[in-house]
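Structural description and commentary
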Amino acid sequence: MTDGRASLKAVTERIARAATDAGRQAGDITLIAVSKTHGAAAIEPLLDAGQQHFGENRVQEAQGKWPALKDAWPDTVLHLIGGLQTNKVSDAVALFDVIHSVDRPKLARTLAREMDAQDRRLPCFIQVNTGEEDQKGGVLPSEAEDLIRLCREDLDLPVAGLMCIPPLEDEPAPHFAFLARLAAEAGLEGLSMGMTADFETAVRLGATHVRVGTALFGPRNTAPAAGVGAG
Ligand SMILES: *Cc1c(COP(=O)(O)O)cnc(C)c1O
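Criteria and cut-off values
- What you see as residue numbers is a count from 1 along each chain, following the sequence as written.
- Reporting of local features is limited, given that this is a predicted model, to residues whose pLDDT is at least 70; pairs of side-chain atoms are given and counted only at 80 or more, and all residues count toward the totals for whole chains, interfaces and linings.
- Based on all heavy atoms of the structure, the side-chain values leave hydrogens and waters out of the count.
- The way it works is that DSSP assigns letters per residue, a run of H or I at least four long becomes a helix, a run of E at least two long becomes a strand, and they are numbered from the N terminus.
- In this description the radius of gyration comes from C-alpha coordinates, and the expected globular size is given by 2.2 Å times residues to the power 0.38.
- A 1.4 Å probe rolled over the protein chains alone gives each residue an accessible area, and that area as a share of the maximum for its type sets the label: buried under 20%, exposed over 50%, partly exposed in between.
- By definition, residues are in contact when any of their heavy atoms lie within 4.5 Å.
- Residues scored as charged are limited to Lys and Arg (positive) and Asp and Glu (negative), so that His and the chain ends carry no count.
- In this description, the location of a charge corresponds to atom NZ of lysine, CZ of arginine, CG of aspartate or CD of glutamate.
- Throughout this document, a residue counts as near a molecule or strand when at least one of its heavy atoms sits within 4 Å of that molecule or strand.
- Two N or O atoms count as a polar contact when they lie within 3.5 Å, although within protein this holds only if one can serve as hydrogen donor and the other as acceptor, and sequence-adjacent residues are included solely when both atoms are side-chain atoms.
- Note on areas: Shrake-Rupley with a 1.4 Å probe; residue coverage comes only from the protein chains shown.
- Classification used: nonpolar for Ala, Val, Leu, Ile, Met, Phe, Trp, Tyr, Cys and Pro, charged for Asp, Glu, Lys and Arg, polar for all others including Gly.
- Two cysteine sulfur atoms form a disulfide, by the criterion used here, when they sit within 2.5 Å.
- Here the aromatic set is Phe, Tyr and Trp, taking the six-membered ring for Trp, and pairing holds for ring centres within 6.5 Å; pairs whose planes are under 30 degrees apart are stacked, those over 60 apart are edge-to-face, and all others are tilted.
- Here the expected span of a helix is defined as 1.5 Å times the quantity of residues minus one.
- What we call the bend at a residue is the angle made by axes fitted to the seven residues finishing there and the seven residues starting there.
- Confidence of the predictor at the level of single residues is given by pLDDT, which spans 0 to 100.

Focus on the overall build of the chain
Across its full length, the chain carries nine helices and eight strands. Whereas a compact globule of 231 residues would reach a radius of gyration of roughly 17 Å, the chain reaches 17 Å, a difference of no more than 12%. A principal-axis box enclosing the C-alpha atoms of the chain has dimensions of 45 × 40 × 30 Å. For the chain, the proportion of its 231 residues judged to be buried stands at 50%. Here the analysis covers contacts within the chain between residues at least 6 apart in sequence; of these, 60% occur between residues at least 24 apart. Charge separation in the chain, taken as the distance between the mean sites of 23 positive and 32 negative side-chain charges, equals 2 Å.

Pasting the structure below:
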C-alpha cells in the first residue's frame, strides 16, 4: 500500500524543484491529486495532510465517494478531468468545482445553461486534442480559437485556461509548448497539463495545474477502461 503522505511530500518537492529550475514560484502551480479508482481509505490521508485539489474522470464514480468527503473536508476543490457527456452535465455542475474537459460547442452551451440554472459558476478549461488523435477528447487545434471565443464571449463561461493530454507515444514537451502558445495567444493564464510521467516537464513549460495520480496513490485499482485518453 502506498504511503499517501510520503508520496504527497515527494511529488510536492519535485514540483517545487521543477518550478525553481524554470524560474517560477512553486505556489503558482496547483497539484491536482487524481483519485480515480481509489476509495476513501486512500484519499483521506491526503486530505488529512492538507491536500485540497482532487481530480476524478467519471461523474458517477465521483458521486459515490465525494459528497461525504466534501462534507468532512469542506475546503476541497474537486476537478472533473475526464470527458463529459451532456446528459451528465447537471450532476457534474452540482458536484464538481472545476471542469477541465470542455471540448465542443454543444457541451459548452449545456454547461452554461446548467451553471445559470444552479447559480454555480465553475471555472472551465478547454481541452485541446493537440495530437489530433481520433479516440481522444478535446477540440482540434484548428477549431480551438472558435470554441474559446464561443465560451468566453457568447456563453460567458469562466474560462480559466487550456488542457491537454499528449499522445502516449509522443514526447510531451512539444505538446505542452504548443498548448502554452495557444493559451498565450488567447490571453488565457491557466494550463492544465502534466501527469505522473511528465509533470516536471509540464511545470518547466508553464503548467499552472498538474494532474497526478499514480505517483501519489500507486497503481490504479481497476483497468482504466475510461482512464488516460478517454478524454
Ligand atoms: C488518470 C488521469 C491523470 C493521472 O494520470 P497518472 O499518470 O496516474 O498521473 C491525469 N489526467 C487525466 C485526464 C487522467 O484521466
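As for the site of the ligand
Taken together, twelve residues lie around the ligand, and Lys36, Thr196, Gly213, Thr214 and Arg220 are the ones closest in. Contact distances for the ligand include 2.5 Å between an oxygen atom and a side-chain N or O atom of Thr196. A distance of 2.8 Å separates an oxygen atom of the ligand from a polar backbone atom of Gly213. Protein chains shield 95% of the accessible area of the ligand, which is 400 Å² for the free molecule. Grouping the amino acids of the shell around the ligand by side-chain chemistry returns six nonpolar, three polar and three charged.

Observations concerning the state of the cysteines
Counting across every chain of the model gives zero disulfides. You can see Cys124 has no disulfide; the closest cysteine sulfur is in Cys151, sitting 7.1 Å from it. Among the cysteines around Cys164, which has no disulfide bond, Cys151 carries the closest sulfur, lying 17 Å off. On the accessibility criterion, Cys164 (0% relative accessible area) is buried.

Focus on the packing of aromatic side chains
Enumeration according to the criterion identifies one aromatic pair in this entry. With 5.0 Å between their ring centres and 45° between their planes, Phe54 and Trp66 make a pair best called tilted. In this pair, Phe54 is assigned in strand S2 (residues 53-56) and Trp66 in helix H3 (residues 59-72), connecting sequence segments twelve residues apart. The class for Phe54 is buried, based on a relative accessible area of 0%.

Quick look at H3
Compared with an ideal rise of 1.5 Å per residue, which puts 14 residues at 20 Å, H3 spans 20 Å between its outermost C-alpha atoms and is within 8% of the ideal. In H3, a bend of some 45° at Trp66 exceeds every other bend along the element, and Pro67, a proline, comes one to four places later. Here H3 has its buried residues at Val59, Ala62, Lys65, Trp66, Leu69 and Lys70. The elements touched by buried residues of H3 are helix H2 (40-48), S2, strand S3 (77-80) and helix H4 (89-95).

Topic: helix H7 (residues 172-186)
Here H7 spans 21 Å end to end across 15 residues, near enough to the 21 Å set by a 1.5 Å rise per residue. Taken together, the buried residues of H7 touch helix H6 (141-154), strand S6 (159-163), strand S7 (190-192) and helix H8 (199-204). Positive backbone phi, approximately 70°, marks Gly187, located one or two places after H7.

A closer look at the confidence of the model for the chain
Close reading of the predicted structure is inappropriate where its pLDDT is low. Put simply, the chain has an average pLDDT of 95, and 96% of its residues get 70 or more. When the criterion is pLDDT under 50, residues 224-231 qualifies, and its contacts beyond four places in sequence or with other chains add up to 17 contacts.

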